[in-house]
Amino acid sequence: MAQMNMLQAINSALDISMSEHPLACIFGEDVGYFGGVFRATSGLQEKYGKHRVFNTPLTEQGILGFANGLAAAGAPAIAEIQFADYIFPAFDQIVNESAKFRYRSGNEFNVGKLTIRTPYGGGIAGGLYHSQSPEAYFAHTPGLKLVVPRNAYQAKGLLRACIKDDNPVIFFEPKRLYRASVGDVPEDDFIIPIGKAEVVSEGSDITLLAWGAQMEIIEKAAEMAKQDGISCEVIDLRSIQPWDVETVAKSVTKTGRLIISHEAPITCGFGAEIAATIQQECFLHLESPISRVCGLDTPYPLALEKEYIPDALKVLSAIKHSVHF
Amino acid sequence: MTNPQNVSLNASKELEFIDPSALDIPTVSLLDENGHLVKGAVEPNIDKETALRIYKTMRFIRALDERMQAAQRQGRVSFYMQCLGEEGAVTASAAALKDDDMIMAQYREQAALRYRGFSLEQFMNQMFSNEKDLGKGRQMPIHYGSKELHYMTISSPLGTQIPQATGYAYSQKIPHIDEDSGELSSEINNITICYFGEGAASEGDFHAGLNMAAVLKAPVIFFARNNGYAISTPADEQFAGDGIASRGVGYGIKTIRVDGADALAVYAATQKARQFSVETGEPVLIESIAYRLGAHSTSDDPTGYRSKEEENTNTKCPILRFKGYLLSKGWLDEAEDNADDETLREEILEAVKVAEKIAKPPIEELVTDVYDTPIPLLEKQLEELKAHVKAHPDAYPTTSGRIK
Ligand SMILES: Cc1ncc(C[n+]2csc(CCOP(=O)(O)OP(=O)(O)O)c2C)c(N)n1
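The shown structure was predicted, so the numbers you read here are calculated from the model rather than taken from an experiment. Position numbers for residues count from 1 along each chain, tracking the sequence in the order it is written. Whichever chain is written first is A, and whichever ligand is written first is 1; the rest continue in order. Given that this is a predicted model, residues contribute local features only at a pLDDT of at least 70 and side-chain atom pairs are listed and counted only at 80 or more, while totals for whole chains, interfaces and linings are drawn from all residues. Heavy atoms throughout the structure, all of them, feed into the side-chain values; hydrogens and water do not.

In this section: the UniProt feature "domain: Dehydrogenase E1 component" (unreviewed entry) in chain B. UniProt positions are given in the numbering used here, feature names are shortened, and annotations may be inferred rather than shown by experiment. According to UniProt, the feature "domain: Dehydrogenase E1 component" (unreviewed entry) maps to residues 55-363 of chain B in the numbering used here. Secondary structure elements are taken from DSSP: a helix is a run of H or I of four residues or more, a strand is a run of E of two residues or more, and numbering for both begins at the N terminus. Across residues 55-363 of chain B one finds 44% helix and 12% strand; the C-alpha atoms that close the span lie 41 Å apart.

With that settled, the discussion passes to the interface of chain A and chain B. For this analysis, residues touch if any pair of their heavy atoms sits within 4.5 Å. If you look at the interface, chain A gives 39 residues, while chain B gives 43 residues. Summed over both partners, the interface of chain A with chain B comes to about 3200 Å²; 63% of that surface belongs to carbon and sulfur atoms. Broken down residue by residue, the surface that chain A buries against chain B is led by A:Leu58, A:Leu304 and A:Glu307, which jointly contribute 20%. By salt bridge we mean one thing: a side-chain nitrogen of Lys or Arg within 4 Å of a carboxyl oxygen of Asp or Glu. Between the two partners, chain A and chain B, sit 1 salt bridge. Of the charged contacts, one joins A:Lys50 and B:Glu237 as a salt bridge, the two residues approaching to 3.4 Å between their closest N and O atoms. Two N or O atoms form a polar contact when they lie within 3.5 Å of each other; inside protein one atom must be a possible hydrogen donor and the other a possible acceptor, and for residues adjacent in sequence the pair counts only when both atoms belong to side chains. Linking chain A with chain B are 13 residue pairs in polar contact (both at pLDDT 80 or more), by the criterion used here. When contributions to the side of chain A that touches chain B are tallied by element, the ones reaching two or more residues are helix 3 (60-72), helix 11 (305-308) and helix 12 (312-323) of chain A. A 1.4 Å probe defines the accessible area here, and the buried area is the portion of it lost by two parts on being joined, summed over both.

In this section: the confidence of the model for chain B. Predicted confidence across chain B gives a mean pLDDT of 96, with 100% of residues reaching 70 or more. Predicted complex metrics record ipTM = 0.95 and pTM = 0.97. A residue's pLDDT is simply how confident the predictor is in it, with values from 0 to 100.

On to the layout of surface pockets, then. Vacant regions in the atomic arrangement are exposed by a probe of water-molecule size rolled over the atoms. Taken as a whole, the second largest pocket encloses approximately 740 Å³ of empty space. Around the second largest pocket, the lining is made up of 22 residues, and of these A:Ile266, A:Arg292, A:Val293, A:Cys294 and B:Glu384 lie nearest the centre. Put simply, the parts of the chain that give the lining of the second largest pocket at least two residues each are strand 14 (291-295) and helix 12 of chain A together with helix 12 (376-391) of chain B. In terms of residues, the lining of the second largest pocket owes the most to one element, helix 12 of chain B, which gives 6 residues. All residues other than Ala, Val, Leu, Ile, Met, Phe, Trp, Tyr, Cys, Pro, Asp, Glu, Lys and Arg, Gly among them, are scored as polar; the first ten of these are nonpolar and the last four charged. Counted by class, the lining of the second largest pocket contains 11 nonpolar, 7 polar and 4 charged residues. Definitions used for this entry: grid spacing 1 Å over protein atoms alone; cavity, a set of points where a 1.4 Å probe fits but cannot get out; pocket, an open set with protein on both sides within 12 Å along at least 5 of 7 lines; lining residue, one with an atom within 4 Å of a point. Grid points are joined across faces, edges and corners, and a volume is the space filled by probe spheres set on the points.

Right, let's get into the domain arrangement of chain B. The split into domains, and so the bounds of each, comes from an automatic or database assignment of domains. Examined at the domain level, chain B breaks down into domain 1 (23-355) and domain 2 (363-402). Each of domain 1 of chain B and domain 2 of chain B has a C-alpha centre, and these two points are 38 Å apart.

Counting residues in each nonpolar core, the largest one holds 82 residues, and the members touching the most others are A:Leu64, A:Ile94, A:Phe138, A:Leu237, A:Ile274 and A:Ile278. In terms of domain composition, this core takes at least three residues from each of domain 1 (2-185) and domain 2 (198-323) of chain A. Setting aside residues up to four positions removed in sequence, A:Ile278 forms contacts with A:Trp243, A:Val245, A:Val248, A:Ala249, A:Val252, A:Leu258, A:Phe283 and A:Ile290. Definition of nonpolar core: a set of buried residues of the types Ala, Val, Leu, Ile, Met, Phe, Trp, Tyr and Cys, connected through side-chain atoms within 4.5 Å. Exposure classes here rest on a 1.4 Å probe applied to the protein chains alone. A residue is buried below 20% of its type maximum, exposed above 50%, and partly exposed in between. The next biggest cluster of nonpolar side chains, apart from the first, holds 75 residues, and it includes B:Leu31, B:Ala92, B:Ala96 and B:Tyr115.

Right, let's get into the domain arrangement of chain A. All names here are of chain A. Examined at the domain level, chain A breaks down into domain 1 (2-185) and domain 2 (198-323). Counting the surface lost from both domain 1 and domain 2, the interface buries some 2000 Å², and carbon and sulfur atoms represent 54% of this. Per-residue buried area on domain 1 facing domain 2 is highest for Glu135, Arg150 and Arg176; these three make up 27% of the total on that side. Summed over the shared surface of domain 1 and domain 2, the result is 3 salt bridges. Of the charged contacts in the structure, one is a salt bridge between Glu216 and Arg176, with a shortest N-O distance of 3.1 Å. Counting every contact that joins domain 1 to domain 2 gives 18 residue pairs in polar contact (both at pLDDT 80 or more). Of all elements in the fold, only helix 6 (135-139), strand 6 (145-147) and helix 7 (152-164) reach the threshold of two or more residues within the side of domain 1 that touches domain 2.

Pasting the structure below:
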């Protein structure tokens, strides 16, 4: 084991993936010699050469179109989009092409070897265009897998799974935790399977569910609730598509209550999908309505970020409301 | 039109590729390093007042950039971006326009905004995202905008302003009722200028915007700031071929390349471009060759990707060069000029102190301007949020005290 922050853990997963497959390529804006604006790809160009780790021109549409072609040829294509806010110029290539390559060709062709890494989320005073959590747009598109890690250890194991997975996967990296999340991470290879949620701590009164950077918030809320004698079960969804209905339903069947929290706006956020499904699965076990603590239905602000963000206090209020319903 | 394919009908038996360098586009320079007119160069029509306004703007922006760079290091603002090395290109191009021509900028063009008269206080209010910011404290520092000064608010996603500029410019040539005569007029009164970096010129929006401007004929000046880098990516990893100018030619757009450190050359080129656009209603592409002397932004460390040597060979200062020109014309008094610097610095520091004390926007502004009026859903979310903030005043110190 070594102490790593999330960037180092990601770098380690990329390093292993590059050594594993001779055709694997890493590319995106500034990812070459400089190692990316967050330095996630540091040292990889020196190690694997300019033809496998390289800067692309500044065009997300181009990056993903290129990546689709590369992956269709069987090369593991690991593309970085500098901020999730800038994934939208590539939206057509992702939702119309990456997602449907296999289906439309009857599996004559597929881009299973594609992995898209992108930093997402707020809490960094980034305002409208450096803070978004766009996972729900992609969750609506069949054919894509979506994964979000909550700490350094998870980031390495999950990213390895994404790269090895035979489907196009978007890996959303919580940029607020890039340097803040430090922990024990094995230097050797390991894989955390996609599609499995993790019960981070057990509890009996209510289930709290989140993913990525929002995990810190619900864990803190669970601590605060404990002082009021409320026992929370905390779950990290980890994969948004496919998502682990079974683990969540099992927990809610036990606790009878569910709160889902994400930073993205509440309307049509992925929390809505979870609420609808769990309501159907667990209807007879629910003690109170499933509730969501999410971003407002506004763009992500700068000066009033603290008010906008779904913080631990807001989650705690929702917990109390639910328990005393 | 020559034929249905819209190409030149120049028959040939030779199986020869055209080399991309065939165009061999020159770079126009009017001033030498010391600011003296290059032998044989034709001086543009520029008056003393305009020349001094350009110079004062550049000096102001240099001082502002230095101060705000320092303020960011002290943790007083969260982010900053300098114009260092490109003051001449940005200021002189803006100066060659009418003050009510539209400016659609990328983000490194504070000098154009200043030229139009954006006040020191307005710059500060935006950077400190206080309640006096025209953008209501919603965007990161340097995302300025002013309707009054015909300067479209900056958006972070790169290149998006390019096709928008085409659309805006198109509106400027639609025949309209002339205010004075009351008659239908096809005269073009205003045009649009659109700034972007050589990096942003790789975005799909660039190609879409130029193609539409060329085909639909919109009076827009595309002003490409080729400063050698897009964050860490050098221009030779950004594109092959002869700069951005060659693309303009490819799209069928009149194109010129200028030395961006030579404010007089930029002024002359933009003046000519504006005249052409107004007369024909068509687009022009100007590629300015300057060097990004500073870091990309305060979040960036250029020592990781470029050498001191490279920086030292690219230290051409557009301000000193233009100053040389003003001195040679007898339009500037050296002693007075130096005294100005101190006052400027003090004024800026004073403005920082004032702006950082002004309150943040009120909580209600979270939900305004999402739509023309907040939809019921947002009204409800605001009420819930206010109740929550009121119940936990210590956790939300910037807004809790002001909730009625
Ligand atoms: C669509 C999009 N992708 C990526 C970014 C991140 N980004 C901000 S500035 C920049 C480099 C821009 O370089 P250039 O256009 O050459 O302008 P310069 O900074 O040199 O003035 C990048 C990649 C962005 N803002 N928008």
